[in-house]
Amino acid sequence: MADYKYISTVLKDGILTLTIDREDKLNALNQATLEEIGEAFQEIYDDSDVKAVLIIGAGERAFVAGADISEVSELNEVNGRKFAEVGQEVFASIEKCDKPVVAAVHGFALGGGCELAMACHIRIASKSAVFGQPEVNLGLIPGFGGTQRLPNLVGRGRALEIMMTGDTISAERAHEIGLVNQLVDDKEALVDYCERLLRKITTKAPLAIGMVVECVNAAYDAEENGYQTEANSFAACCKSRDFVEGTQAFLEKRAPQFTGE
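Below, the structure is looked at part by part. (Residues numbered from 1 in each chain as written. Predicted model: local features only at pLDDT ≥ 70, side-chain atom pairs only at ≥ 80, totals over all residues. Heavy atoms only, no water.)

**Some remarks on the pairing of strand β5 (residues 101-105)**
Note the following rule: Any residue under 20% of the maximum accessible area for its type is buried, any over 50% is exposed, and the rest in between are partly exposed; the area is computed with a 1.4 Å probe on protein chains only. The helix and strand labels rest on DSSP assignments: H or I over at least four residues marks a helix, E over at least two residues marks a strand, and numbering proceeds from the N terminus. By definition, two strands form a pair when at least two bridges between them are found by DSSP.
Burial analysis of β5 places five of its five residues in the buried class, which makes it a mostly covered element. Alternating positions in β5 separate into two faces, Val101, Ala103 and Val105 on one and Val102 and Ala104 on the other, with burial throughout. With four bridges joining them, strand β3 (residues 52-57) and β5 adopt parallel strand pairing. By the bridge assignment, Val53 is partnered in β5 with Val101. Relative to strand β7 (residues 122-126), β5 runs parallel, the two being bridged by four bridges. By the bridge assignment for β7, Ala104 is matched with Ile124.

In structure tokens, the structure reads:
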């Protein structure tokens, strides 16, 4: 993949680890970092060697501590809208990715960091993780999709409480309310768990995995008929080579060898 300034990428055994690499700034998201994440995901979409994505923050203190306040403080109505729209577009590309994307959250996941984690398909956190949408403390609201995704994950009432108080929540509480799928002890265990999870998912039929993502996203899109999307996707699976391989392997009592075709 391309060389980046604020993120780094490592591909191993089909799993691309994308690290937000601004440790001295607690991995805060400035506009350049957002753009690099967007560029990386365009490559991820097109690179057949990438089977899955793990997003993590550099260092021990933060996944992503939020947007870069030194940049945010200079926003006005015009460029503020653009800043939000860029973040929304980048995070939508993560949410819609037809390859599994897991957020490995260690330390602070606040503001844009929490929004980045929510754009991923699955969130795994170490017990040190801290989540929150503290934008109201700055006279702002979440701008990268947080007001839309958080209610879907934790419910309307809890989402409103989190966003209106600006309070942080512990990893244990995040797990309890459904913001986090699984808790592990520390960062080493976090990476290990996420890699094992992604390796398991990548043994499944790639087309089916991508269509699961599409159908679940359709359930939350007012312009989509989720049931119709599901039926169309089911039909598309039925004409794939992976469907033939999967059903034949089941009948022959062997492990399937999926090709994504």
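This is not the end of the story, as more comes after the structure.
**Section: the environment of Ile55**
Here Ile55 is to be found in strand β3. Put simply, Ile55 and Lys187 are 132 residues apart on the chain and 13 Å apart in space, counted from C-alpha to C-alpha.

**Some details on the sheet that holds strand β8 (residues 130-132)**
This is how it is decided: Interaxial angles span 0 to 180 degrees and are taken between N-to-C directions of axes, which are lines fitted to C-alpha atoms, for helices over the stretch in contact. The contact criterion used is simple: two residues touch if any of their non-hydrogen atoms lie within 4.5 Å.
The mixed open sheet is built from four strands, whose spatial order is β4-β6-β8-β9. Either end of the sheet is taken by a strand with one partner, and the two such strands are β4 (62-64) and β9 (168-170). On average, each strand axis in the sheet is inclined to that of its neighbour by 20°, with strand direction left out of account. Relative to strand β6 (residues 108-110), β4 is paired through two bridges, and the arrangement is parallel. Bridge pairing in β6 places Val64 opposite Ala109. Against the sheet, helix α4 (residues 112-119) touches β4, β6 and β8, its axis set at about 75° to β4.

**Here's the deal with the packing of helix α9 (residues 206-219) against helix α10 (residues 226-238)**
Stated precisely, the cut-off is as follows: Our angle categories are set so that under 35 degrees counts as roughly parallel, over 145 as roughly antiparallel, 65 to 115 as roughly perpendicular, and the remainder as oblique. Gly counts as polar in this scheme, as do all residues outside two lists: the nonpolar Ala, Val, Leu, Ile, Met, Phe, Trp, Tyr, Cys and Pro, and the charged Asp, Glu, Lys and Arg.
Running from amino to carboxyl end, α9 crosses α10 at an angle of 170°, the nearest separation of the two axes being 8 Å. Put simply, α9 runs roughly antiparallel to α10. Note on element contacts: α10 touches α9 through Gly226, Thr229, Glu230, Ser233, Ala236 and Cys237, opposite Ala208, Met211, Glu214, Cys215 and Ala218. Grouping the constituent residues of the contact of α9 with α10 by class yields six nonpolar, three polar and two charged.

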